Amino acid sequence: MVSSEAKRTAQVAKTGTKPPPAFKPNKSHGKPANGQKFKSAGGGAKRFDKPGGAGPGKRFDKTGGGAGGFKKFDKPGGGAGGFKKFDKSGPAAGGKKFGGNNNNKFAGKPQAPAEGEKQDWAKFKQEKKDLKLKRKSTRDTYEITKEAKQIYEKLRCRRTENKDKLVEQIYKVLNVGDTISKVVKAHDTARVLQCMLKYASPALRAEISEQLLPFTVDMCQSKYAQFCVQRMLKYGAPATKTKLVDSLMGHVVRLAGHSIASSLLDTMYQSATPQQRIHMRQEFYGDLYRKAKDSSVKTLSDTFKETTNMKASILGSVKANLDHVANKQLVDSSLVHAVMLEYLRACDEDEEKLEETVTAFAALVPHMLSTKEGSEAGVICFYKSTPKNRRAIIKNIKEHLLKIATHEHGHVFLISLLNALDDTKATKKAIYDHLHGDLKTLVGNQYGRRVVQWLVAPGDTTCFHPKFIRLVDEGLAYGKKEKELRRKEIFEQIEAPIAENIVEDPAFWLSNSHIGLVTADVLNHLQGESYEKAATALAKVIAQPEWRITADAAGPQPQDKKKAHNDVEAIIAEATKQRKKLLQNDISSSEEEDESEDDGEEEQEEDGAPKVKKAKKEPKKAKEEEPAEAAPLVSGIEEAGMHIVLKKILKNDVKREGDITFGQQLLQNLAADVDLNSWLSVNRACFVLVKVVENSPSLLKSCKDTISSEEILSQTLLSQKTPGAKMLTTKLGLNSGE
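Only a predicted model underlies this, so the values are computations on that prediction, with no experimental measurement involved. (Residues numbered from 1 in each chain as written. Predicted model: local features only at pLDDT ≥ 70, side-chain atom pairs only at ≥ 80, totals over all residues. Heavy atoms only, no water.)

1. A look at the overall build of the protein chain
Scanning the protein chain for helices and strands turns up 37 helices and 2 strands. Put simply, the protein chain has 738 residues, and 37% of those count as buried. Per element, the accessible surface of the protein chain, about 45,200 Å² overall, is 52% carbon and sulfur. (Helix = DSSP H or I, 4+ residues; strand = E, 2+ residues; numbered from the N terminus. Buried < 20%, exposed > 50% of the residue type's maximum accessible area, 1.4 Å probe, protein only. Areas by Shrake-Rupley, 256 points an atom, 1.4 Å probe, with all protein chains shown as cover.)

See below:
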């Protein structure tokens, strides 16, 4: 039997053309490759045989081909063996796609000049402008939007009056069929609708909003139409806002994962009613709640309270939806944070699923600390994390530490983290060292102060509410080291750096009573050399006669009466009046400048001097923002809040017997006649001296000798009628004339 290879060799010798490769046998038992039908007889595969044929099958010969040869694909009129090129000569030679269709909007596109010819740029630009206009004119809304924009140019002008009338004119132009829904997504007409929603009358604004409500979901995802939704939220009536939130039901999860709509959805969630918030959260529980809401379900745990067999599927749906949002990096939302917290609490019993979830959320913790629910979810993630995930969380928040520490909800997470870490050296290195350079910023912020106070006096009920302490102490269950040992080790490492910061700028640490309370807490916990340095520096500041503190914290300040809630129309009217006043001032100032220039020119002409060419008028510079008025300063020793701070510091002197005390340093700095004499004439200063002499008999004797030795001091004290001066006189025993 002749092999297939021998046949191929003979054929090449005969025709000179290489035939196609022989058909390879199909090794699989079943249908042949590529669905070919052929008969298999014997051990090998044969060529395609005709049905009922006995010999080998005939090859497919193309018409006109030579014996054994293969002819290229010919097209009619293309020549023998050639390929026909696309002919773009015109509609007569080719199809109608490029040249034959007269309605093509790209017809007449400006062409580049031939080689060697100069480009007429003015003509080229005009042709492009005409083409653009022609392309726009093909839209069915072109004439309508053109007329509307002409009225809009008058509406947006500041000097225009009766703007609600112009809005009505625009509405009559646009209110044709579904024109409003078509133009709301365009960059130019979207601004027209925004201006209409702002200046329309309440009735017309509600009517426009009703027409836009069916398209709210698409508008939220549009680059330009989203601003119309924002105007509806800002200027719309309460009923309109409620309908706006209801129109999103069924699409909440999809919008939460959209880059444009996510922030708008968060705004709507915060302004929604409690029941609407529950319904928005329910859409994350699965398709069942997306299509139909259940009023009896308040949280995620209520969904499987009666049907425990549904728990796994519901939690799986929630996790899938959260993963979808997390993959888009859009977790900075109150709605997402609330669902995260519910999910973590529901997974508390399933440790395997909880660990998987915590690992996925570890990188997102910095974005979760902007809300109360997000901060609680972040704390749970940290508590339930493995040591590896904890290190990852700390690494992720390093660059945001200052922002987290000074945030309303972020500082709670940071305090919980400080209270739960066992490795105190790593805590100091990873957290405090990064915050030490901004220690003054922390102490100057109301939330940053709480972080510093927890580092210095953790769990102190004079600084923190007992409920807050119990909440933070829940993290102790996830650590191995004892609570007191952990806190002592942390404070020993940060004691010296804080004391050095106080010595560098003691006036700042006594700049107001709020910062003073932090200073008192720090000073009462310092020991040894650190305490001596800090107490000495602070006593020098207090003893100065010119010591002043800011009055922003100087007791209760007169506050403006709470303004009654105004409706939107009143707010817009007030803003319009202020703009008109500013505009009139600008016009009057420019007229005065012009008159002064004219007067100068007339004087020059009368004198006969040559007329100087007037220089171009310089454009007006933008008005610089006026700095905020500095808070008034008051005497530090007379301020009520600082008086409490000083008494709190002096109260701790009793525990420091044998060491240098703050009262001792204060008396040494008040030894000069002028300083002590000015204190004796102030009621609160006398009470401070009473507190000093009560704590130590030695200081009592020293103060008595100082005042008795100087006649001016004793006369000043005895002449005062204030309660503090009388009590100090009694304590020193000066009533008998000593």
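2. Section: the packing of helix H20 (residues 387–397) against helix H22 (residues 410–420)
Following both chains from N to C, one finds H20 and H22 inclined at 140 degrees, their axes separated by 13 Å at the closest point. Classified by the interaxial angle, the pair formed by H20 and H22 is oblique. Considering how the two elements wind past one another, H20 and H22 form a crossing that is left-handed. On H22, the residues touching Arg390, Ile393, Ile394 and Ile397 of H20 are Phe413, Leu417 and Ala420. Here the residues of the contact of H20 with H22 are counted per class, giving 6 nonpolar, no polar and 1 charged. (Axes fitted to C-alpha atoms, helices over the stretch in contact; angles between N-to-C directions. Parallel < 35°, antiparallel > 145°, perpendicular 65-115°, else oblique. Left-handed = near helix turned anticlockwise from the far one by under 90°. Contact = heavy atoms within 4.5 Å. Nonpolar A, V, L, I, M, F, W, Y, C, P; charged D, E, K, R; others polar.)

3. Structural notes on unusual backbone geometry
Even without being a glycine, Asn162 presents a positive backbone phi close to 55 degrees. Relative accessible area serves as the criterion here: at 55%, Asn162 is assigned to the exposed category. Positive phi values are uncommon outside glycine, yet Gln329 reaches one of about 60 degrees. Among the secondary structure elements, Gln329 is positioned in the loop between helix H16 (311–327) and helix H17 (334–346).

4. Here's the deal with the pattern of salt bridges
Considering all chains together, one arrives at 20 salt bridges under this definition. We note a salt bridge from Asp521 to Lys648, for which the minimum N-O separation is 2.9 Å. Taken together, the residues Asp521 in helix H28 (residues 513–525) and Lys648 in helix H31 (residues 640–651) connect sequence positions 127 residues apart. Through salt bridges that share partners, Lys319, Asp323 and Glu356 make up one connected network. (Salt bridge = Lys/Arg side-chain N within 4 Å of Asp/Glu carboxyl O.)

5. Side note on a positive patch on the surface
Residues Lys132, Arg135, Lys136 and Arg139 make up a contiguous surface patch of positive charge. Within the fold, Arg139 resides in the loop between helix H3 (121–137) and helix H4 (142–155). (Patch = residues over 30% accessible without salt bridge, like charges linked within 9 Å, V, L, I, M, F, W, Y side chains within 5 Å. Lys, Arg positive; Asp, Glu negative; His and termini not counted. Charge placed at Lys NZ, Arg CZ, Asp CG, Glu CD.)

6. Some thoughts on the packing of aromatic side chains
According to the stated counting rule, one finds 8 aromatic pairs in the structure shown. Ring centres of Tyr383 and Tyr478 lie 5.1 Å apart, and the angle between their planes is 15 degrees; on these two criteria the pair is classed as stacked. A residue pair is termed long-range when its members are at least 10 positions apart, and Tyr383 in helix H19 (residues 372–383) and Tyr478 in the loop between helix H26 (466–473) and helix H27 (483–504) qualify at 95 residues. Judged by relative accessible area, which is 8%, Tyr383 ranks as buried. (Phe/Tyr/Trp six-rings, centres within 6.5 Å; stacked < 30°, edge-to-face > 60°.)

7. Topic: H26
Every buried residue belonging to H26 is among Phe468, Ile469 and Val472, and all of these are buried. Burial along H26 is one-sided: seen end-on, the buried residues are contained in an arc of 100 degrees. Exposed residues pointing more than 90 degrees away from the buried face of H26 are listed as Lys467 and Arg470. Its buried side turned inward, H26 meets H19, H22 and helix H25 (448–456). (Arc of directions from axis to C-beta.)

8. Points about empty space enclosed by the protein
Using the criterion set out here, one finds 2 cavities of 30 Å³ or more in the structure. Lining the largest cavity are Leu418, Asn419, Trp454, Leu455, Pro458, Arg486, Arg487 and Ile490. Every element with two or more residues in the lining of the largest cavity is listed here: H22, H25 and H27. Quantified by volume, the second largest cavity comes out at close to 30 Å³. Looking at the second largest cavity, the residues that line it are Tyr432, Leu435, Leu439, Leu442, Val452 and Leu455. (1 Å grid on protein atoms, 1.4 Å probe; cavity = no way out; pocket = protein on both sides within 12 Å on 5 of 7 lines; lining within 4 Å. Points joined across faces, edges and corners; volume = space filled by probe spheres on them.)

9. Examining the nonpolar core
If you look at the biggest cluster of nonpolar residues, it comprises 91 residues, and the most contacted ones within it are Phe382, Phe413, Ile431, Phe662, Trp679 and Ile707. Of all the elements, helix H29 (residues 528–543) adds the most residues to this core, at 8 residues. Leaving out residues up to four positions away in the same chain, Phe382 has contacts with Arg390, Ile393, Ile394, Phe413, Leu417, Ala420 and Leu421. (Core = buried A, V, L, I, M, F, W, Y, C linked by side-chain atoms within 4.5 Å.)

10. Notes on the confidence of the model for the protein chain
Looking at the protein chain as a whole, its pLDDT mean stands at 78, while 73% of the residues score no less than 70. Here residues 61–72 scores under 50 on pLDDT; set against residues more than four positions off or in separate chains, the count is 14 contacts. Low confidence marks residues 88–100, where pLDDT is under 50. Its contacts with residues over four positions away, or in another chain, come to 8 contacts. (pLDDT = per-residue confidence, 0-100.)

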